Amino acid sequence: MVRTPYRAIMLLVWILIHIGFVGLAVYSCIESRPPTREEAFPSGEMVIGVDASFPPFAVDNGAGLFGLDIDLGNALAAEMNLPVRFVNMGYDGLYDAVIDGQVDMVISALLVNPARTQEVRYTRPYFDNGLTLITTVGSPIDRMTDLPSRALALEYGSAAQAQARFWLRRLDAFEVYPYELPQYALDAVRLGEADAALVDTTTYYLYQTAHPDWQSEANRYNNAFYSIAIRIDRDATWEWVDKAVGSLQFDGRLAVIIDKWL
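A.B. asks: Before we go on, may I ask you to explain the pattern of salt bridges in this structure?
C.D. replies: Side chains that differ in sign of charge can pair as their charged atoms come close. This model, assessed by the stated rule, comprises twelve salt bridges. Residues arginine 231 and aspartate 233 are paired through a salt bridge, measuring 2.7 Å at the closest nitrogen-oxygen approach. By relative accessible area, arginine 231 is classed as partly exposed at 25%. Taken together, the salt bridges that share partners define one network made up of Glu79, Asp251 and Arg253.

A.B. asks: I keep staring at the packing of aromatic side chains and nothing clicks. Help me out?
C.D. replies: Remark: the centre distance and the inter-plane angle together describe each pair of aromatic rings, the angle taken between the planes. In total, this model carries seven aromatic pairs according to the counting rule given. Measuring from ring centre to ring centre gives 5.9 Å for phenylalanine 127 and tyrosine 226, while their planes differ by 40 degrees; the resulting arrangement is tilted. Taken together, the positions of phenylalanine 127 in strand S8 (residues 127-128) and tyrosine 226 in strand S14 (residues 225-231) put the pair 99 residues apart, joining distant regions of the chain. You'll find phenylalanine 127 and tyrosine 226 in the same group, each marked buried.

A.B. asks: Is there a simple way to explain the nonpolar core in this structure?
C.D. replies: One broad rule of soluble globular proteins: the nonpolar side chains tend to lie buried together. If you look at the biggest cluster of nonpolar residues, it comprises 35 residues, and the most contacted ones within it are Met46, Leu76, Met105, Tyr126, Ile228 and Val241. The residues contacting methionine 105, other than those within four sequence positions of it, are Phe41, Met46, Val47, Ile48, Gly49, Val98, Ile228, Ala229, Ile230 and Val241. Membership of the second largest hydrophobic core comes to 14 residues, among which are Ile141, Leu152, Ala160 and Phe174.

Conventions adopted
- Residues numbered from 1 in each chain as written.
- Predicted model: local features only at pLDDT ≥ 70, side-chain atom pairs only at ≥ 80, totals over all residues.
- Heavy atoms only, no water.
- Salt bridge = Lys/Arg side-chain N within 4 Å of Asp/Glu carboxyl O.
- Buried < 20%, exposed > 50% of the residue type's maximum accessible area, 1.4 Å probe, protein only.
- Phe/Tyr/Trp six-rings, centres within 6.5 Å; stacked < 30°, edge-to-face > 60°.
- Helix = DSSP H or I, 4+ residues; strand = E, 2+ residues; numbered from the N terminus.
- Core = buried A, V, L, I, M, F, W, Y, C linked by side-chain atoms within 4.5 Å.
- Contact = heavy atoms within 4.5 Å.

So this is what it looks like as C-alpha cells:
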C-alpha cells in the first residue's frame, strides 16, 4: 500500500484553498465592476415612456413634447451621451411598457408605489409633490395643529381633504372650506377668505408664479416623491440613470429645470 506523505497532502490542500480564494477574488472583481453604457442601453439609445397629458411635467402641443419630465429626460441623455426617444402613451400603459421592455424607463411624474417594487426599481426622487400648508406672510399658522378656530381651504375630494378629516378627529374644531379646484383654495387665502390652504406643491408653485405680488409662506406637510421607474432586472440601466439623476441634483442642473417649469 502506497502512503501519501502528510506534507504532500497538506500542500495539496493549501494549493486548492488558495486557488479557490483567487477564483473568488477574480469573480468578485468582475461582479463589482461598474456596468458599461452598452450594458445599460444595448439598443444604443435611451427610450423613455411618458404620458404627455400632465402639464407642466409633460404635454404634447402638436409640435412636440414639452415639460419638466421632457427636459429631465433630455438632460439625462446628455449626461450619458446617448440619443433619446420619447414614447407618448396613456398613463395606464406606462408600467406595462417598461415591464415588457418597450421602453427603457418611465419619466412621467410617477409617485413611488410600494405595490410596484416587485416589478420596477425606482431611482432617487427628482421632485417632491407633497402637500404644503399655505398662509399669507405673518400668519401664526405653521402647522395643522395651529388650525383650531380657524378656516382651512382645500380641494374637494382631494388628499388634502382626507388629511383635514384626520385632524378634525384629533384637534379642536376648525372650519373646512372645500373648493372645486385647489387654485380656488389658494384664492381664498390670498383674498382673506380663509386662514390657510392645504394643496400639493406643484399647484402652489404655479399659483405663486401667476400671483408674484402675493406674499405667501409654505410649510411642508408630507412627501409625495416623483421618481423614474426601470424594470426590476435591469440593474445596469438603473445604476446609470440613478447616478445621472444624482449628478444633475449635485451641480444644480435639476434645480434649473424645476425652476423653469415651476
